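As a plain string of letters, each chain reads:
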Amino acid sequence: MRALALLALLHGGPAAAQDIIGAELAEPTDKYGHGILGDGGEWDVLNITVGRSTGDGTGLFTGSSKLTYAFDSDENLLWEDVVARLWDTTGDGKPEVVVVQSHMRLGARLMVLALTDGKPAYWGATPFIGTAHRWLAPLGAADLDGDGQIEIAYIDRPHLAKTLRIWRHDGDDLVEVASKSGLTTHMIGWDFIAGGLRTCGGKPEMVTANGDWSRVVASTLVEGRIESRDLGPYEGPKSLSPKRPCD
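Residues numbered from 1 in each chain as written. Predicted model: local features only at pLDDT ≥ 70, side-chain atom pairs only at ≥ 80, totals over all residues. Heavy atoms only, no water.

> Can you explain the overall build of the protein chain? Please cite residues and give values.
When you go through the protein chain residue by residue, the secondary structure sums to zero helices and 18 strands. Over its C-alpha trace the protein chain gives a radius of gyration of 19 Å, about what one expects of a compact globule, namely 18 Å for 247 residues. Over its C-alpha atoms, taken along the principal directions, the protein chain stretches across nearly 60 × 45 × 35 Å. Buried residues in the protein chain amount to 47% of all 247 residues. Taking the intrachain contacts of the protein chain between residues at least 6 apart in sequence as the baseline, contacts between residues at least 24 apart amount to 55%. Counting only carbon and sulfur atoms, one obtains 50% of the accessible surface of the protein chain, whose full area is about 11600 Å². For the protein chain, the distance from the average site of its 23 positive side-chain charges to the average site of its 34 negative ones is 4 Å. (Helix = DSSP H or I, 4+ residues; strand = E, 2+ residues; numbered from the N terminus. Rg over C-alpha atoms; globule rule 2.2 N^0.38 Å. Buried < 20%, exposed > 50% of the residue type's maximum accessible area, 1.4 Å probe, protein only. Contact = heavy atoms within 4.5 Å. Areas by Shrake-Rupley, 256 points an atom, 1.4 Å probe, with all protein chains shown as cover. Lys, Arg positive; Asp, Glu negative; His and termini not counted. Charge placed at Lys NZ, Arg CZ, Asp CG, Glu CD.)

> Provide a residue-level description of the environment of P242, including the pertinent values.
Secondary-structure assignment places P242 in the segment after β18 (225-233). Along the primary structure P242 and V207 are separated by 35 residues, whereas in three dimensions their C-alpha atoms are 6.2 Å apart.

> Talk me through the pattern of salt bridges; I want residue IDs and the actual numbers.
Scanning the model with the defined rule gives 14 salt bridges in all. Put simply, D147 and R168 hold a salt bridge, and the shortest N to O gap is 3.5 Å. In this pair, D147 sits in the loop between β10 (136-142) and β11 (151-156) while R168 sits in strand β12 (residues 163-170), placing the two residues 21 residues apart along the sequence. With a relative accessible area of 38%, D147 lands in the partly exposed category. Of the charged contacts, one joins E205 and R229 as a salt bridge, the two residues approaching to 2.9 Å between their closest N and O atoms. (Salt bridge = Lys/Arg side-chain N within 4 Å of Asp/Glu carboxyl O.)

> With reference to specific residues and values, describe the state of the cysteines.
Tallied over the full model, the rule gives one disulfide. C200 shares a disulfide with C246; S-S distance 1.9 Å. Across the S-S bond linking C200 and C246, the dihedral sits near -80°, which makes this disulfide left-handed. Of the two residues, C200 sits in strand β15 (residues 196-200) while C246 sits in the segment after β18, which places them 46 residues apart along the sequence. According to the relative accessible area criterion, C246 is partly exposed, its value standing at 41%. (Disulfide = S-S within 2.5 Å.)

> Tell me about the pairing of β10, and please be specific about residues and values.
Counted residue by residue, β10 has seven buried out of seven residues, so it is predominantly covered. One ladder, built from six bridges, connects β10 with β11; its direction is antiparallel. Pairing of G140 across the sheet is with A153, part of β11. (Pairing = 2+ DSSP bridges.)

> Help me get a handle on the side chain of R198, residues and values and all.
Relative to the helices and strands, R198 is located in strand β15. Apart from the residues within four sequence positions on either side, R198 is in contact with K203, P204, E205, V207, A218, R229, L231, P242, R244, P245 and C246.

> I'd like a description of the sheet that holds β12, backed by residues and values.
Where strands meet in a sheet, backbone hydrogen bonds hold them as pairs that are either parallel or antiparallel. In space, the four strands of this open sheet follow the order β10-β11-β12-β13, with antiparallel pairing throughout. Both outer strands of the open sheet, β10 and β13 (173-181), are each paired with one neighbouring strand and no more. Neighbouring strand axes in the sheet, compared pairwise and without regard to direction, differ in orientation by 25° on average. For β11 and β12, the ladder comprises six bridges, and the chain directions are antiparallel. Along β12, the bridge assignment pairs A153 with I166. (Axes fitted to C-alpha atoms, helices over the stretch in contact; angles between N-to-C directions.)

Okay, structure coming up:
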């Protein structure tokens, strides 16, 4: 990890508030050659920007700064994703970074990075899938079952296994709490991931396609199991929009 640039001067004074305010993938690479996301989607660097602020905007000791940290990959690793996401995975109202990291021999895993002592650092990850050129599609993070804890959802191998997996942070890592097969959100070559989270009737729902791309499905986490209901025919990626009206 290397710090890239200080963009604004922070004046001395009271203790500063710190948050992750940006993340982006950089330096495209062709060392992996998977191509599941079209011509791009494979990167050597993840840049995370941390913002600091102090004061209330009216006093002498008021200021702000931004510092960007670059997470470089080694020869066996890369970032394989359409975007680095800012999702609140702890429930504190502040974002962490959620992104897919792939290993040259072991395939993809989902990684979360959070602030530690004011710097972004590893916070948890799922296991690598175990085989090269096997990928996962992030879906969303929320308190999916209303127990006060945040869950993170993704589709494991959306072109092969087509399995929705839900994870929760426990100790130093992520543990799986539920899974269900026959659901997907990505077709080979798409440079985007369809589907996502929405709230209907006060409850979070995960919007996906079914395994053969004929229907749109809404799934919920209930007492450790995933329950799904049909929302109608699949009519292109827009039909998987989490902004579609609740039924």
